[in-house]
Amino acid sequence: MKRGFLIFLVTIFLLSGVGYGVYYVGTNIASKKITDDLSAELHNSGQLEEVRAYIENDPDLQRYVEEARQADRAALPFTTKEEATRVLIRKVGVTDLLEMQSRVERGKASHQEIINELESSLTEDELLALKVIAYKELYE
């Protein structure tokens, strides 16, 4: 009886470790692939300049860019795309992120609606960290 219980506990422990490893490594791989593909697509298609022009013509987005440019990067809760992906998946969820993306692509949601949804799920520091990461991708 004790041996069976011990085997059960070891099995649960191992499955938990494997699950955590898959989550951690999986989000890193997914994040890297998605951001690398998006960056390459933006640079190769010339859309990066369109995105910059869109931001420069929108006062709200300009305010976000200025906030990110002036942020104290040492005080941010995360600084890499991989860390940001983990936080977004944990706090917002993959399904909700995909649904937000779909609504934006179909023109069913404005950038302000998406920002409002993210503001309800993330702290101010996490939002600032996301802004800084986006700023680095667009301007550095």
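Residues numbered from 1 in each chain as written. Predicted model: local features only at pLDDT ≥ 70, side-chain atom pairs only at ≥ 80, totals over all residues. Heavy atoms only, no water.

## Points about helix H2 (residues 47–56)
Counted only if it meets this: Any residue under 20% of the maximum accessible area for its type is buried, any over 50% is exposed, and the rest in between are partly exposed; the area is computed with a 1.4 Å probe on protein chains only. Think of it this way: any DSSP run of H or I at least four residues long counts as a helix, any run of E at least two long counts as a strand, and we number them from the N terminus. Within this analysis, the arc is defined by the directions that extend from the helix axis to the C-beta atoms.
Inspection of H2 places Leu 48, Arg 52 and Ile 55 among the buried residues, and these make up the whole buried set. What you see down the axis of H2 is that its buried residues fit within an arc of 60 degrees, all on one side.

## A look at helix H3 (residues 59–70)
Put simply, the rule is: Expected helix span is computed as 1.5 Å times (number of residues minus one). Throughout, a residue-residue contact means that at least one pair of heavy atoms, one from each residue, lies within 4.5 Å. We define a polar contact as two N or O atoms separated by no more than 3.5 Å, with the added condition that, inside protein, one atom must be a possible hydrogen donor and the other a possible acceptor, whereas residues neighbouring each other in sequence contribute only through side-chain atom pairs.
In this model, H3 (twelve residues) spans 17 Å end to end at C-alpha, consistent with the 16 Å of a helix rising 1.5 Å per residue. Residues Leu 61, Tyr 64 and Ala 68 constitute the buried set of H3. For H3, the angular spread of buried residues about the axis comes to 55 degrees, placing them on one side. Seen from the buried face of H3, the exposed residues on the opposite side, beyond 90 degrees, are Pro 59 and Gln 70. Where H3 is buried, its residues touch H2, helix H6 (111–121) and helix H7 (124–139). The N-cap residue of H3 is Asp 58: its side-chain oxygen and the backbone nitrogen of Asp 60 are 2.9 Å apart.

## As for the packing of H3 against H6
Any two packed helices are characterised by how steeply their axes cross, that is the angle between the axes, and by the distance between the axes. Using the following cut-off: Comment: axis = line fitted to C-alpha atoms, over the contacting stretch for helices; angle = value between 0 and 180 degrees taken between N-to-C directions. Put simply, angles under 35 degrees are roughly parallel, angles over 145 are roughly antiparallel, angles from 65 to 115 are roughly perpendicular, and the rest are oblique. By definition, any crossing whose near helix is turned counterclockwise from its far helix by less than a right angle is left-handed, and any crossing with a clockwise turn is right-handed. Charged means Asp, Glu, Lys or Arg here, nonpolar means Ala, Val, Leu, Ile, Met, Phe, Trp, Tyr, Cys or Pro, and polar covers whatever is left, Gly included.
Closest axis-to-axis distance for the H3/H6 pair is 11 Å, and the angle between their directions is 45 degrees. Classified by the angle between their axes, H3 and H6 sit oblique to one another. Handedness of the crossing formed by H3 with H6: left-handed. Contact residues: H3 offers Asp 60, Leu 61 and Tyr 64, while H6 offers His 111, Gln 112, Ile 115 and Glu 119. Counted by class, the contact of H3 with H6 contains three nonpolar, two polar and two charged residues.

## Remarks on the side chain of Arg 86
With respect to the element layout, Arg 86 can be found in helix H4 (residues 81–91). Excluding its chain neighbours within four sequence positions, the residues that come into contact with Arg 86 are Tyr 23, Tyr 24, Thr 27 and Asn 28.

## Brief notes about the packing of aromatic side chains
Rules: Ring pairs shown here join Phe, Tyr and Trp side chains whose ring centres sit within 6.5 Å, with only the six-membered ring taken for Trp; geometry is labelled stacked below 30 degrees between planes, edge-to-face above 60, and tilted in between. By definition here, charges over rings are those cases where NZ of Lys or CZ of Arg is within 6 Å of the ring centre and within 35 degrees of the ring normal.
Applying the stated criterion to the full structure yields one aromatic pair. With centroids separated by 5.2 Å and ring planes inclined at 35 degrees, the aromatic side chains of Tyr 135 and Tyr 139 adopt a geometry described as tilted. Remark: Tyr 139 and Tyr 135 occur in helix H7; sequence separation between them is four residues, near one turn of the helix. Judged by its relative accessible area of 28%, Tyr 139 is partly exposed. Its guanidinium or amino end placed over the ring of Tyr 64, Arg 63 lies 5.1 Å from that ring's centre, counting from NZ or CZ.

## Looking at the pattern of salt bridges
Short version of the rule: The term salt bridge refers to a pairing of a side-chain nitrogen on Lys or Arg with a carboxyl oxygen on Asp or Glu at a separation within 4 Å.
Counting across every chain of the model gives eight salt bridges. Glu 66 is paired through a salt bridge with Arg 69; the nearest N and O atoms lie 2.5 Å apart. Here the residue Glu 66 and the residue Arg 69 both occupy positions in helix H3, the gap between them amounting to three residues, near one helical turn. Look at Arg 69 and you get partly exposed, because its relative accessible area is 45%. Three or more residues are tied together by salt bridges with common partners; here these are Glu 99, Arg 103 and Glu 117.

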